[in-house]
Amino acid sequence: MTIHTNKDITLMKPERASVPGMRNEKKKLFRQSGSVTIEASFGIPLFLFAALCLIWLIEIQSIRISITNAAHNAAKSAAEDTAVIPVLNTVKLKSDIVSLIGEDRISRSILKDGSAGISCWKSYVSPVTGEMNITVNYKVMIPLPVMGSPSAELEESFRISSWRGYEDGEMSGEDSGIVYMTDNGSVYHDDYNCSYLRLSIRYVPYEELDWIRNEIGGKYHACDKCVIGPAMTGVYITDSGTKYHNSLNCSGLKRTIHAVERSETGGVGGCSRCSGHS
């Protein structure tokens, strides 16, 4: 019988096999796995942010095109109103722009404050050239993860002729064959500055009418459309007219001017003042 001591038993335990460098390889793989996780945690949000920026750029280009097209159409509509009275109604201009774009489209866009964020107050009519200078300001929201809803201010501006609604350079030249007519006119005009078209409106005290004469020496009489009862303290007159008016909105003070081809005049004659016809 053989008796083994505790010391012998301890010595007889088998040793665990080990491969040189295996522990280092495990550490390296762990480090690489951790590195990939960190890169993914940074890379995925950056990719999503880049995609969001691309969508934002597409949307901002879309809304700019919509506002520009709507502003051009609204300005052409306003051109008829400013043909006689060189004052641009910026409130109506903005309302027309919003209507042309559509409230639903604006509410789904990146426009800050929606339709309330569109401003046209910088637009005006030049008293020297008669051109409308249209300026539309608005803000778009920026997709940045910061407090305060950051935004960028944009501006669309252009000039348009106030008397017929065509942009500068269109239908230019004296030989273009274009003449000018009003809705109820019985003649056409070669010159859009003809006094029959370009009314010179003045505001004068009513008590001075007895001494004021028009350009052919005639007296002024009450307009049967807007003077009902006594005249106002001040009234509106034109150099070539024969009536005085209580309201600037009277149809007798308005001229809706259309630029048409001479061949589209319907056979009417030319104006005795600007076309050389009697």
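Residues numbered from 1 in each chain as written. Predicted model: local features only at pLDDT ≥ 70, side-chain atom pairs only at ≥ 80, totals over all residues. Heavy atoms only, no water.

*Asks:* Break down the packing of aromatic side chains for me, with residues and values.
*Replies:* Here the structure, examined in full by the defined rule, presents two aromatic pairs. Arranged with centres 5.0 Å apart and planes meeting at 55°, the rings of Y203 and Y236 form a pair that is tilted. With Y203 in strand β6 (residues 201-205) and Y236 in strand β8 (residues 234-238), the pair connects residues that are 33 residues apart, well separated along the chain. (Phe/Tyr/Trp six-rings, centres within 6.5 Å; stacked < 30°, edge-to-face > 60°. Helix = DSSP H or I, 4+ residues; strand = E, 2+ residues; numbered from the N terminus.)

*Asks:* Describe the side chain of N214, naming the residues involved and giving the relevant values.
*Replies:* As for its position among the elements, N214 is in the loop between β6 and β7 (221-222). N214 gets classed as buried once you look at its relative accessible area, which sits at 7%. A polar atom in the side chain of N214 sits 3.0 Å from the backbone oxygen of G241. In this structure, N214 is in contact with Y220, D239, G241 and T242, ignoring residues within four places of it in sequence. (Buried < 20%, exposed > 50% of the residue type's maximum accessible area, 1.4 Å probe, protein only. Polar contact = N/O pair within 3.5 Å; in protein donor to acceptor, adjacent residues only side chain to side chain. Contact = heavy atoms within 4.5 Å.)

*Asks:* How would you explain the environment of C194 if you had to name every residue and give the values?
*Replies:* Following the sequence through the fold, C194 ends up in the loop between β5 (187-188) and β6. When the C-alpha positions of C194 and Y180 are compared, they lie 9.7 Å apart, and in sequence the two are 14 residues distant. Sequence-distant contacts of C194, defined by excluding residues within four places in its chain, comprise H189, C271, R273 and C274.

*Asks:* Talk me through the sheet that holds strand β1 (residues 124-125); I want residue IDs and the actual numbers.
*Replies:* The sheet built from three strands is open, its strands ordered β1-β2-β3 with antiparallel pairing. The sheet is open, and its two edges are formed by β1 and β3 (151-161), each paired on a single side. As defined by bridge partners, strand β2 (residues 131-141) adjoins β3 across 11 bridges and the pair is classed as antiparallel. By the bridge assignment, T135 is partnered in β3 with S157. (Pairing = 2+ DSSP bridges.)

*Asks:* I'd like a rundown of helix α3 (residues 90-101), residues and numbers included.
*Replies:* Helix length check: α3 (12 residues) gives 17 Å between terminal C-alpha atoms against 16 Å at 1.5 Å per residue, within 8%. Among the residues making up α3, those that are buried are L93, I97, V98 and I101. On an axial view of α3, the arc spanned by its buried residues comes to 130°, and they lie on one face. In α3, those exposed residues whose orientation departs by more than 90 degrees from the buried face are V91 and S99. Positive phi appears at G102, one or two residues downstream of α3, with a value of about 105°. (Expected span 1.5 Å × (residues − 1). Arc of directions from axis to C-beta.)

*Asks:* Kindly report on the environment of V91, identifying the contributing residues and their values.
*Replies:* Here V91 lies in helix α3. Residue V91 is classed as exposed on the basis of its relative accessible area of 65%. In this structure, the C-alpha to C-alpha distance between V91 and W121, residues 30 residues apart in sequence, is 7.9 Å.

*Asks:* With reference to specific residues and values, describe the side chain of S123.
*Replies:* Looking at the secondary structure, you find S123 in the loop between α4 (103-107) and β1. Engagement of the side chain of S123 in a polar contact is seen with the backbone nitrogen of T135, the distance being 2.9 Å. For S123, the residues in contact, after removing those within four places along its chain, are L88, T90, L93, N133, I134 and T135.

*Asks:* Can you lay out the confidence of the model for the protein for me, pointing to particular residues and giving the numbers?
*Replies:* Mean pLDDT for the protein: 76, with 72% of residues reaching 70 or above. In the model, residues 164-176 has pLDDT below 50 throughout and makes 21 contacts with residues more than four positions away in sequence or in other chains. (pLDDT = per-residue confidence, 0-100.)

*Asks:* Which residues make up the pattern of salt bridges, and what are the values?
*Replies:* In this structure the tally under the stated criterion is five salt bridges. Put simply, K92 and D96 hold a salt bridge, and the shortest N to O gap is 3.0 Å. With K92 and D96 both in helix α3 and four residues apart, this pair spans about one turn of that helix. Using a relative accessible area of 36% as the deciding quantity, one classes K92 as partly exposed. (Salt bridge = Lys/Arg side-chain N within 4 Å of Asp/Glu carboxyl O.)

*Asks:* I'd like a description of the environment of C53, backed by residues and values.
*Replies:* The residue C53 is located in helix α2 (residues 22-82) in this model. For C53, a relative accessible area of 24% corresponds to the partly exposed category.

*Asks:* Run through unusual backbone geometry, naming residues and quoting values.
*Replies:* Look at D113: it is not a glycine, yet its phi comes out positive at around 70°. Here D113 lies in the loop between α4 and β1. By relative accessible area, D113 is classed as exposed at 59%.

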